[in-house]
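Coordinate inspection notes
The chain contents come next:
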Amino acid sequence: MEERRGVLYVVATPIGNLGDLSERARKTLTDVDLIAAEDTRQTRHLLEHCAINTRLTAYHDHNEARAAAGLIETLESGRSVALVCDAGTPLISDPGYDLVAAARAKGLSVVPIPGANAAICALSAAGLPSDRFLFLGFPPRTSAARRAWTQTFAREPGTLVFYESGRRAAATLTDLAAVLGETRRAVVARELTKRFETFLFGTARELAGRLETDDEQRLGELVILVEGWQDPGGADQAEQERVLRILAADLPLRQAAGLTARLTGGRKNDLYRMGLDLGLGAGERDP
Ligand code: SAM
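Keep in mind the model is a prediction, meaning the values are calculated, not measured.

1. As for the nonpolar core
Counting residues in each nonpolar core, the largest one holds 21 residues, and the members touching the most others are F162, L173, I224 and V226. Elements represented by at least two residues in this core include exactly β7 (159-165), α7 (166-180), β8 (185-190), α8 (204-213) and β10 (221-226). Among the elements that line this core, the one with the most residues is α7, at six residues. If we skip the residues at most four places from it in the chain, V226 touches L128, T159, L160, F162, L176, L180, R184, R185 and A186. Grouped together as the second largest cluster of nonpolar side chains are 17 residues, L8, L71, I72 and A103 included.

This is the structure in structure tokens:
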């Protein structure tokens, strides 16, 4: 007879409002043999609120690989496990990847129990295009690293979605404006599903100013969204690139970008950035 193996449930929990815990999540957390939690104290509050007595074990960034091995043994012995993080969906800028990958590699069943996720929650109500988006998690912590990183998706047409702490949000918005330009629409979605839920609208530069001058807007948790890159129009990109390459061979990149803009109808700054992406103007610096 085939041995019964346990199931790994990946359970989303609320990001603020406990009413967002689904019936299915509640039942799963009640029925499993063990809950693997990012922070057992935090999850205990949720379980107490729901009168759930299931045993808890720690599974966080610092013990992820070791704890995953132990949990795989638990699953292989036929017991079921629910994976949760402090808030929202596990694995989304939260621990869990090692465990899910290991469970899949062993051919174990992994069942998602969907629910709250801050990025999707913000996108669903921000009013920015949602047909295509790029989730980027937390930006690097230093300004230089953030700007270099932002260059890598400066031409992504989908809406850009970031997680950030309130403390760093203004600096991050300033860097996003410097690299992505001053015209794109942006949204800061703060304290989602909580009492002081707030949506702020403007350009990234305007929102940086708002956060710098208003202490309250830096409190709590927030998601930053920025409109994706829009084709400047005019000549097609291949033609712009052709002209830019010819001119940049003999002129400084900034001047070549200006002339290309006049010849093809594009925007000078976009063409300058295109030149940098193409490796033209080596040795010149972005301001
Ligand atoms: N796994 C979680 C999820 O599914 O959304 C995300 C965890 S990540 C460690 C925490 C970040 O998510 C916060 O710094 C913030 O950017 C965002 N976040 C979480 N809860 C939020 C809320 N209620 N309102 C706005 N942003 C939130």
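2. Considering the sheet that holds strand β4 (residues 81-84)
Strands in a sheet are paired, the pairing made by backbone hydrogen bonds, and the direction either parallel or antiparallel. The five strands are arranged β3-β2-β4-β1-β5 in an open sheet whose pairing can be described as parallel. A strand with exactly one partner marks an edge of an open sheet, and here the two such strands are β3 (55-58) and β5 (109-113). Averaged over all pairs of adjacent strands, the angle between strand axes in this sheet comes to 25°, irrespective of strand direction.

3. Points about the site of the ligand
In the vicinity of the ligand, 19 residues are found, and the nearest of them are T89, N117, A118, Y163 and L222. One of the backbone N or O atoms of I15 is found 3.0 Å from a nitrogen atom in the ligand. Alone, the ligand offers 570 Å² of accessible surface; in the complex the protein occludes 91% of this. For the shell around the ligand, the secondary structure elements donating two or more residues are β7 and β10. For the shell around the ligand, the element with the most residues is β10, which contributes three residues. Taken together, the residues of the shell around the ligand sort by class into 10 nonpolar, four polar and five charged.

So, how was this worked out
- Residues numbered from 1 in each chain as written.
- Predicted model: local features only at pLDDT ≥ 70, side-chain atom pairs only at ≥ 80, totals over all residues.
- Heavy atoms only, no water.
- Core = buried A, V, L, I, M, F, W, Y, C linked by side-chain atoms within 4.5 Å.
- Buried < 20%, exposed > 50% of the residue type's maximum accessible area, 1.4 Å probe, protein only.
- Helix = DSSP H or I, 4+ residues; strand = E, 2+ residues; numbered from the N terminus.
- Contact = heavy atoms within 4.5 Å.
- Pairing = 2+ DSSP bridges.
- Axes fitted to C-alpha atoms, helices over the stretch in contact; angles between N-to-C directions.
- Near = heavy atom within 4 Å.
- Polar contact = N/O pair within 3.5 Å; in protein donor to acceptor, adjacent residues only side chain to side chain.
- Areas by Shrake-Rupley, 256 points an atom, 1.4 Å probe, with all protein chains shown as cover.
- Nonpolar A, V, L, I, M, F, W, Y, C, P; charged D, E, K, R; others polar.

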